[in-house]
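Secondary and tertiary structure notes
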Amino acid sequence: MILSSHVVIAAAASAPLLAHPLTAPKAAAILAVSVLSHYAVDAIPHWDYNLSSVVKIDDSRGAGGRQFLPRRRLFFEDLGKAALDGLLGLAVTFLMLNLSWNWSDIALLLWIAFSAVLPDVASMFYIIFPHAPFSWFHKAHIVHTSYRWRYSWVSGALSQVATVTVMVWALNSLFRFW
């Protein structure tokens, strides 16, 4: 899944925990729910955009068959894609949860987003630094579906919207956050 999908689905899954104030136990529960929802939705066949700075290789390095290309232009291109993707997730979540522009709501939104994308960020760190302490997240991504939709970005994005819509509807049916 793309980052924005993870953020929106994690927010919907965390809905029962979002009442103020945000306490340490609630923050820990949001982290757990968000990370688990990340792995759960990655098990669904889906489309992802390509990262130009990551290429497939043989698995002799232990980085899960991927290698980072340290080229500045490619890195910043990928960083731009991820930033736009993440900002889209933040905006949709902000509107979906009807948050306000106060510090507690913004902190909550950022915590959900951080928690939701943590497995992908940690996995990327592991690809760049294969001996880093992020190996657990990368190995846990084994649940990531091996089936990839090879569609254009338009049909891929539409499939993400459809998946997120169904997941949010189902979670809203359970938790009634609207």
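Look up a bit, the structure's there.
The following paragraphs examine the structure supplied in this document.

**Here we look at the overall build of the protein**
For the protein, the count of helices and strands is 6 helices and 2 strands. Secondary structure elements of the protein occur, N-terminal to C-terminal, as α-α-β-β-α-α-α-α. A buried classification covers 43% of the 178 residues belonging to the protein. Partitioning the intrachain contacts of the protein with sequence separation of at least 6 by distance along the chain shows that 71% fall at a separation of at least 24. Of the accessible surface of the protein, which amounts to about 10100 Å², a share of 71% is contributed by carbon and sulfur atoms.

**A look at the nonpolar core**
Among soluble globular proteins, nonpolar side chains are generally buried collectively. Core analysis: the largest hydrophobic core is formed by 27 residues, its most contacted members being Leu 18, Met 96, Leu 97, Ile 112 and Val 168. At the level of secondary structure, the elements contributing two or more residues to this core comprise helix H1 (3-13), helix H2 (24-42), helix H3 (72-96), helix H4 (103-128) and helix H6 (153-175). A per-element tally of this core places H1 first, with 8 residues. Those residues in contact with Leu 18 that lie beyond four places of it in its chain are Ala 11, Ile 30, Leu 97, Leu 108 and Ile 112. Grouped together as the second largest cluster of nonpolar side chains are 6 residues, Val 35, Leu 118, Ala 122 and Ala 140 included.

**Digging into a nonpolar patch on the surface**
Together, Phe 75, Phe 76 and Leu 79 make up a nonpolar patch on the protein surface, roughly 280 Å² of accessible area in all. Along the chain, Phe 75 falls in helix H3. Classification of Phe 75 as partly exposed rests on a relative accessible area of 32%.

**Some remarks on the pattern of salt bridges**
Two side chains of opposite charge can pair, provided their charged atoms sit close to one another. Going through the model one piece at a time under the given rule, you end up with 2 salt bridges. One salt bridge in this structure joins Asp 78 and Lys 81, with 3.9 Å as the shortest N-O distance. Residue Asp 78 and its partner Lys 81 are located together in helix H3, separated by 3 residues, close to a single helical turn. When its relative accessible area of 6% is taken as the criterion, Asp 78 is described as buried. Residue classification places Lys 81 among the partly exposed residues on the basis of a relative accessible area of 28%.

**Considering H6**
Between its first and last C-alpha atoms H6 spans 32 Å; for 23 residues at 1.5 Å apiece the expected length is 33 Å, and the two agree. As for H6, its buried residues are in contact with H1 and H3. In the segment just after H6, Arg 176 is the residue with positive phi, at about 50°.

**Focus on the side chain of Ser 37**
Relative to the helices and strands, Ser 37 is located in helix H2. When near neighbours in sequence (up to four residues on either side) are disregarded, Ser 37 contacts Ala 10 and Ala 13.

**Focus: the packing of aromatic side chains**
All told, the structure shown has 3 aromatic pairs when counted by the stated rule. Between Phe 75 and Phe 76, the aromatic rings sit 5.3 Å apart at their centres with planes inclined by 70°, giving edge-to-face as the arrangement.

**Structural notes on the packing of H1 against H2**
Two elements in contact, H1 and H2, have axes separated by 9 Å at closest approach and are oriented at 125°. Taken together, the axes of H1 and H2 lie oblique to each other. As H1 runs across H2, the sense of the crossing is right-handed. Contacts between H1 and H2 pair His 6, Ile 9, Ala 10 and Ala 13 from the former with Val 33, Ser 34, Ser 37, His 38, Val 41 and Asp 42 from the latter. For the contact of H1 with H2, the residue count by class is 5 nonpolar, 4 polar and 1 charged.

Rules and cut-offs
Residues numbered from 1 in each chain as written. Predicted model: local features only at pLDDT ≥ 70, side-chain atom pairs only at ≥ 80, totals over all residues. Heavy atoms only, no water. Helix = DSSP H or I, 4+ residues; strand = E, 2+ residues; numbered from the N terminus. Buried < 20%, exposed > 50% of the residue type's maximum accessible area, 1.4 Å probe, protein only. Contact = heavy atoms within 4.5 Å. Areas by Shrake-Rupley, 256 points an atom, 1.4 Å probe, with all protein chains shown as cover. Core = buried A, V, L, I, M, F, W, Y, C linked by side-chain atoms within 4.5 Å. Patch = residues over 30% accessible without salt bridge, like charges linked within 9 Å, V, L, I, M, F, W, Y side chains within 5 Å. Salt bridge = Lys/Arg side-chain N within 4 Å of Asp/Glu carboxyl O. Expected span 1.5 Å × (residues − 1). Phe/Tyr/Trp six-rings, centres within 6.5 Å; stacked < 30°, edge-to-face > 60°. Axes fitted to C-alpha atoms, helices over the stretch in contact; angles between N-to-C directions. Parallel < 35°, antiparallel > 145°, perpendicular 65-115°, else oblique. Left-handed = near helix turned anticlockwise from the far one by under 90°. Nonpolar A, V, L, I, M, F, W, Y, C, P; charged D, E, K, R; others polar.

Coordinates in, geometry out; function isn't part of it.
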